[in-house]
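Geometric and topological summary
Next come the chains, spelled out residue by residue.
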Amino acid sequence: MFKTSRLFHLNKSNLKRNFSTNTLKLTFGSPHSAICVNKVVKNVTLPGADGSFEVGYSSRPVISFLIPGLVAVTDLNNTREKYFVSAGSVVMSPDSVCSLSVTEAVPISQIDPDAARIAFDAANQEFSNATTDEARATAAISVQIYRTMLYALDPSS
């Protein structure tokens, strides 16, 4: 009989967290740039498939895929940096280290709301005019991304 107990043995000392600092170390980047490396932050809000969720220093370990949406990084002074991401993944380790890897990340301040609205309208028109399943699927993805971008720019819309 094959024993698996050695394969799944966890060293309890590796799972201890440093709760005294109340901080999280964040590494956040894309293939094009490193936004931050081991930056000490208070928490990060992320766009998950089932809705937004937040990780902080006391969060449980998690591995999750991210959908297009808003990433908000709150520093120790409670200042929030917001980024629109197209997709990605996050790994939160037991030692309060969060690794965030995304395909694209743009600071919200660099997105032109008028250009995003024009792109959203064009994507809707492309969806309406699509004649094949592939064209409809491609246009639907564009519509969803621009809708999410517009919401990130103005949640009241």
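Use the structure listed above.
For clarity, every value in this text was computed on a predicted model and none was experimentally measured. (Residues numbered from 1 in each chain as written. Predicted model: local features only at pLDDT ≥ 70, side-chain atom pairs only at ≥ 80, totals over all residues. Heavy atoms only, no water.)

Structural notes on the pattern of salt bridges
- Using the criterion set out here, one finds 2 salt bridges in the structure.
- A salt bridge links Lys39 to Glu81, with the nearest nitrogen and oxygen atoms 2.6 Å apart. Of this pair, Lys39 sits in strand β2 (residues 34-41) while Glu81 sits in strand β7 (residues 80-85), and the two are 42 residues apart along the sequence.
- Note on Lys39: relative accessible area 27%, which makes it partly exposed.
- With a relative accessible area of 29%, Glu81 lands in the partly exposed category.
- One salt bridge connects Arg136 with Asp133, and the closest N-O pair in it is separated by 2.6 Å. (Salt bridge = Lys/Arg side-chain N within 4 Å of Asp/Glu carboxyl O. Helix = DSSP H or I, 4+ residues; strand = E, 2+ residues; numbered from the N terminus. Buried < 20%, exposed > 50% of the residue type's maximum accessible area, 1.4 Å probe, protein only.)

Re the layout of surface pockets
- Of the volumes computed, that of the largest pocket is approximately 300 Å³.
- In this structure, the largest pocket is lined by 17 residues; those nearest its centre are Ser52, Gly69, Leu70, Thr148 and Tyr151.
- Contributing elements (two or more residues each) for the lining of the largest pocket: β3 (43-48), β4 (51-56), β6 (69-74), β7 and α2 (133-153).
- No other element matches the 4 residues that α2 contributes to the lining of the largest pocket.
- Looking at the lining of the largest pocket, its residues break down into 8 nonpolar, 7 polar and 2 charged. (1 Å grid on protein atoms, 1.4 Å probe; cavity = no way out; pocket = protein on both sides within 12 Å on 5 of 7 lines; lining within 4 Å. Points joined across faces, edges and corners; volume = space filled by probe spheres on them. Nonpolar A, V, L, I, M, F, W, Y, C, P; charged D, E, K, R; others polar.)

Section: the pairing of β6
- Across the 6 residues of β6, 5 count as buried, placing the element largely inside the fold.
- Sheet analysis places β3 next to β6, joined by 3 bridges and oriented antiparallel. Within β6, the position partnered with Asn43 by the bridge is Thr74.
- Alignment of β6 against β7, held across 6 bridges, turns out to be antiparallel. Among the inter-strand pairings, Gly69 is bridged to a residue of β7, identified as Val85.
- A loop of 5 residues connects β6 with β7, the two strands running antiparallel in sequence, and Asn78 in this loop sits at a positive phi of about 65°. (Pairing = 2+ DSSP bridges.)

Shape is all these values report; function is a separate question.
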